[in-house]
Amino acid sequence: MTEVRPPAVPSAALWERDEEVAAIAEAVDTLCADRSSPGGLLVFRGEAGLGKTALLAETRRIAEQRGCTVWSARGGETLRSVPFNVVRQLLQPALVSMLPEEAREYLGDWYDIAGPALGIADPGEGHADPRGVCEGLVAAVRRLARRDWPLVLLIDDAHWADQETLRWLASFAERLADLSVLVVVARRPGEISGASARYLDAVAADRPVTTLSALTPEATAGLTRAALGENADAAFCREVWAVTGGNPYETVELLAKVQDSELEPVEAHAGELRDLNRSARGGGLVARLEQLGIDATRFAWAAAILGNDITVGLVARLATLDVDDAARCAELLRSARILTAPDPSTTGRTAPADLEFVHPLIATAVYNSIPDALRRAMHGIAARIVTDSGHGAAAAARHLLEVHPDDDEELVWQLREAAREHLAVGAPDAARRCLERALEEPPRPEVHAQVLYELGCATFLTAPARTIGHLRAALGMPGLDGDRRVDAVVRLSQALLHNDQMEEAVRTVEAEAARLEPGPAQMRLRTVQFMWEGIHAGEAASPGRSERLAELAATCTGRDNSERALLIVRGFDAMMRGENAEEIVEICDRALVNGRLAPGLGWTDSEWGVELLLMLADAYAYTDRLDRAESLYNEALHAYDTAGWSGGHLALAHAYVGLGHRRRGRLEAAEAELRESLRLAERVGRGLPLYWTATCNLVDTLLARGHVDEAWAVAERHDFAPPYPSTIVLPDPRSVRGRLLLAVGRVQEGVNELEEAQKAAAARGHHNPVHVFWAADLARALATEDPARAARLAVDVRRQAERFGTDTAIGEALRVAAALETGQRAVRLAAQAVTFLESSPCQYEHAAARVEYGILARSVPDLERGLALARSCGADGLVKRAREELGTAVEPR
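Thresholds applied
Residues numbered from 1 in each chain as written. Predicted model: local features only at pLDDT ≥ 70, side-chain atom pairs only at ≥ 80, totals over all residues. Heavy atoms only, no water. Pairing = 2+ DSSP bridges. Helix = DSSP H or I, 4+ residues; strand = E, 2+ residues; numbered from the N terminus. Contact = heavy atoms within 4.5 Å. Axes fitted to C-alpha atoms, helices over the stretch in contact; angles between N-to-C directions. Expected span 1.5 Å × (residues − 1). Buried < 20%, exposed > 50% of the residue type's maximum accessible area, 1.4 Å probe, protein only. Phe/Tyr/Trp six-rings, centres within 6.5 Å; stacked < 30°, edge-to-face > 60°. Lys NZ or Arg CZ within 6 Å of the ring centre and 35° of its normal. 1 Å grid on protein atoms, 1.4 Å probe; cavity = no way out; pocket = protein on both sides within 12 Å on 5 of 7 lines; lining within 4 Å. Points joined across faces, edges and corners; volume = space filled by probe spheres on them. Nonpolar A, V, L, I, M, F, W, Y, C, P; charged D, E, K, R; others polar. Patch = residues over 30% accessible without salt bridge, like charges linked within 9 Å, V, L, I, M, F, W, Y side chains within 5 Å. Areas by Shrake-Rupley, 256 points an atom, 1.4 Å probe, with all protein chains shown as cover. Salt bridge = Lys/Arg side-chain N within 4 Å of Asp/Glu carboxyl O. Lys, Arg positive; Asp, Glu negative; His and termini not counted. Charge placed at Lys NZ, Arg CZ, Asp CG, Glu CD. Polar contact = N/O pair within 3.5 Å; in protein donor to acceptor, adjacent residues only side chain to side chain.

Asker: Hey, could you run me through the sheet that holds strand β3 (residues 151-156) in this one?
Answerer: Sheet strands line up and pair through hydrogen bonds in the backbone, either parallel or antiparallel. Overall, parallel pairing links the five strands, which are arranged β2-β3-β4-β1-β5 in an open sheet. The open sheet has two edge strands with one neighbour each: β2 (69-74) and β5 (210-211). Packing of helix α1 (residues 18-33) onto the sheet brings it into contact with β1 (40-45), β3, β4 (181-187) and β5, and relative to β1 it is tilted by some 160 degrees.

Shown next as structure tokens:
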């Protein structure tokens, strides 16, 4: 049956799209129902010409009819290298209409983070964190959505969107349940690979995707008769369908050619349809373009080079035409249905435009028809035009990337400048492309190493393995000297560390330090070497390492950051080894300036990295100076939040804020922070040291709360089991894993795990009984089976605790000793444990000691106080135990 075209349908491409249009209308109605309505996502997937753009136009029509605000954008095949291109199209029209003060007010703290990416604020000097920028863009839409509700976002040709936009879109889609925004995405299948493909696939993860099909023969016949008249015979209509494959765009174009040629739609002329169709695509389109003349061809080529925001004036400059000739060519190309006037309502624009290609297929065919050498030359001219217009190197970069390598010193400089601009707005992959292209030029010998160094810095966050190769090559060339060479060595060692090549990280800085004369540079490298050795969880420590570190640190007064860093590493090493806590604190205090971090040693400063400052905070945390530790942890969290660093740094900050809460005994707060840390760590990548930190601390906290089943579930879900990471994790993961196994009743496995913890700790010289607590738990586990060994372990724990000297360490050692005794000796030891832990900042351990003493001494007041402390800590298991003892084992008052 021939389909009768519905009068309300504005586009031929909407034939046989009733279900899709109904889904659009339903989604818009849901959005408009209430401000608290959840957001929605529709994804239309189909080959070129199947009507995706028409569905987006229909979405706009329906949404605007219901009073929605609609913002739209479109990806471009030649624009994929332009970072934030599509998201700028979406948001810029709304933001540039505001006064700067108004835009700053709407974006709040995110203005300085997301503003540069959106092109409404100047970038800073440093490197913006890509994840932070992504979060800022999510926040920008969230805040604008509240102002412009109900808001609909349309993204066409998403397969050609830039990678930075797709990262944002994937992150935004995750949050749609909490945002009253409708997002409609149109894309082709395939087309892209790598990170962009993963982001685009993530957009519709766990959501249905509508795959568009071609028109049926019946619909094609209806469309043919609607265009050519009811006298079009059936054989002609069938041939239209056979020639176009039911592709709506090709059908419309073919029917336009039939009308232009005044071909009668009868079977006798059906054989001419294939030739007409060929003239509308590929080589036929190029031949048709050439028939319009050389000027029109050059105009079309120039328009294809520009890709978007096509104006007659710009095209004239690029095609070297005078304005009158350019205007004439524009009219010719409009008449030939190659170019058309843009519909301002269909896509967001960053600049005024006179023209756009009728269809992306045409733009692709024209661009590919440009001879290779000429295309590269035209990109070079386009880059110069963009630069001369004052738009900067980053704006010209997409053209510079296409220019033929020609030993051009200025081009290398422009690409390096573009890379710096890209890094400043949080687009390291765009920076990488610029620097890789600069190497092809190639750079002059005196700057070649500099470009490699900059490339290594650009790939550091996204591809540490590549960074290793770039920096090694840079260090093997002349031209990298002084502080920059030292920076390159340190950055190379960090990349090796993140790539789980710890031994090579240590040897790299060790070898470079040996080349240098004594001074700040050598001190910095020695400190980095000691730092990596200190967090290496290998089989054994370097012989004499701690002694050499102590000897070197003894000469340091903290007069500069190299000495301060060395003091921090020494303090951490002494804490791990269980040396005297008072001396450890004195060493750490010497690394501060008036009790605060020195300038250049802040959490967002890049010279030393986060590992050093975490060492300082951890040394305080495990020496019972929790006020100082928590101040540093919270300072880190605030610094990363403010800077928009939402990747691994923020995950670590939440983990260590959680560790501070856990040490203090605020178990519920600790659990919340650690779950947030683990959520962020999941996004960065499983198996990394930060992932282990979050998981280990969460399991330890859940065990302290008495939530054993949940602790086991977390461990299973997040692979908290051997093999362990190559870097130190606090607290010791083997000790935590052993404690977990004992708690779930797998006693022998728990004993085995704790014995492995013993071997690892002995090899590394780690004798602090607070963070490596294997001996305390092993003693309790062996109390019945092997009491003699358990007693020896308890004596060792107490000896190490007294050497370390903190109230927490001694109180915990006394708790272990009490657990192995009976009668009045057990009561006396438990009382001593309470005395020490009452002075400790660790309230959970104090609560446990109170309850244990109350049970042994049959003391209702101590049980009641222990119960109150356990409640304040959120230690549900301890609360239950205290209640049971109050109700049964001890007579109530």
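And the narrative resumes.
Asker: Please explain helix α32 (residues 648-664) as it appears in this structure.
Answerer: An α-helix turns once every 3.6 residues. As a result, residues three or four positions apart point the same way. Look at α32: 24 Å from first C-alpha to last across 17 residues, which is about the 24 Å you get at 1.5 Å a residue. Among the 17 residues that make up α32, 15 are buried, leaving the element largely enclosed by the rest of the structure. Among the residues trailing α32, Gly665 stands out with phi positive, at a value near 100 degrees.

Asker: I keep staring at the packing of aromatic side chains and nothing clicks. Help me out?
Answerer: For any two aromatic rings, the description comes down to two numbers: the centre-to-centre distance and the angle of the planes. Per the counting criterion, the structure on display carries five aromatic pairs. Here the aromatic rings of Tyr633 and Tyr656 are separated by 5.6 Å at their centres, their planes lie at 35 degrees, and the arrangement is tilted. Here Tyr633, found in helix α31 (residues 626-643), pairs with Tyr656, found in helix α32; they are 23 residues apart in sequence, far enough to count as distant. In this pair, the class of Tyr633 matches that of Tyr656, namely buried. Clustering of aromatic rings is evident, with ring pairs tying together Trp692, Phe720 and Tyr724. Its guanidinium or amino end placed over the ring of Trp608, Arg524 lies 5.6 Å from that ring's centre, counting from NZ or CZ. One Lys or Arg, Arg739, reaches over the ring of Phe773 and ends 3.9 Å from the middle of that ring.

Asker: How should empty space enclosed by the protein be read in this particular structure?
Answerer: Taken as a whole, this structure holds three cavities of 30 Å³ or more when the rule is applied. Computed from the structure, the largest cavity encloses a volume of approximately 90 Å³. Along the walls of the largest cavity sit 13 residues, with Phe84, Pro130, Glu164, Arg167 and Gly426 positioned nearest its centre. Breaking the lining of the largest cavity down by element, the ones donating at least two residues are α6 (130-148), α7 (163-174) and α21 (428-440). Partitioned by chemical class, the residues of the lining of the largest cavity number eight nonpolar, two polar and three charged.

Asker: For this particular structure, what's the right way to read a negative patch on the surface?
Answerer: Taken together, the side chains of Asp406, Asp407, Asp408 and Glu410 define an acidic patch exposed on the protein surface. Within the element layout of this structure, Asp408 appears in the loop between α19 (392-400) and α20 (409-424).

Asker: I keep staring at the side chain of Arg485 and nothing clicks. Help me out?
Answerer: Within the secondary structure, Arg485 is located in helix α24 (residues 482-498). Setting aside residues up to four positions removed in sequence, Arg485 forms contacts with Leu475, Leu480, Glu512 and Arg515.

Asker: Help me out: how do you make sense of the pairing of β1 in this one?
Answerer: Remember that side chains alternate between the two faces of the sheet whenever the strand is regular. When β1 meets β4, the two strands line up parallel, connected through six bridges. Counted as the bridge partner of Leu42 is Val184 from β4. Sheet topology places β1 next to β5; two bridges connect them, and they run parallel. Looking across to β5, one finds that Phe44 is bridged to Thr210.

Asker: Would you mind going over the environment of His399 with me for this structure?
Answerer: As for its position among the elements, His399 is in helix α19. In this structure the C-alpha to C-alpha distance between His399 and Asp201, which are 198 residues apart in sequence, comes to 28 Å. Setting aside residues no more than four positions away along its own chain, His399 makes contact with Ile305, His379, Ala382, Ala383 and Val386. Only 3.0 Å separates the side chain of His399 from the side chain of His379, close enough to count as a polar contact.

Asker: Could you clarify how one ought to interpret the pattern of salt bridges in this entry?
Answerer: If the charged atoms of two oppositely charged side chains come close together, the side chains can form a pair. Scanning all chains against the criterion turns up 68 salt bridges. A salt bridge links Glu512 to Arg485; its shortest N-O distance comes to 2.9 Å. In this pair, Glu512 is assigned in helix α25 (residues 502-515) and Arg485 in helix α24, connecting sequence segments 27 residues apart. Arg485 shares its class with Glu512; the two are buried. Here Glu512 makes a salt bridge to Arg515, at a shortest N to O gap of 2.6 Å.

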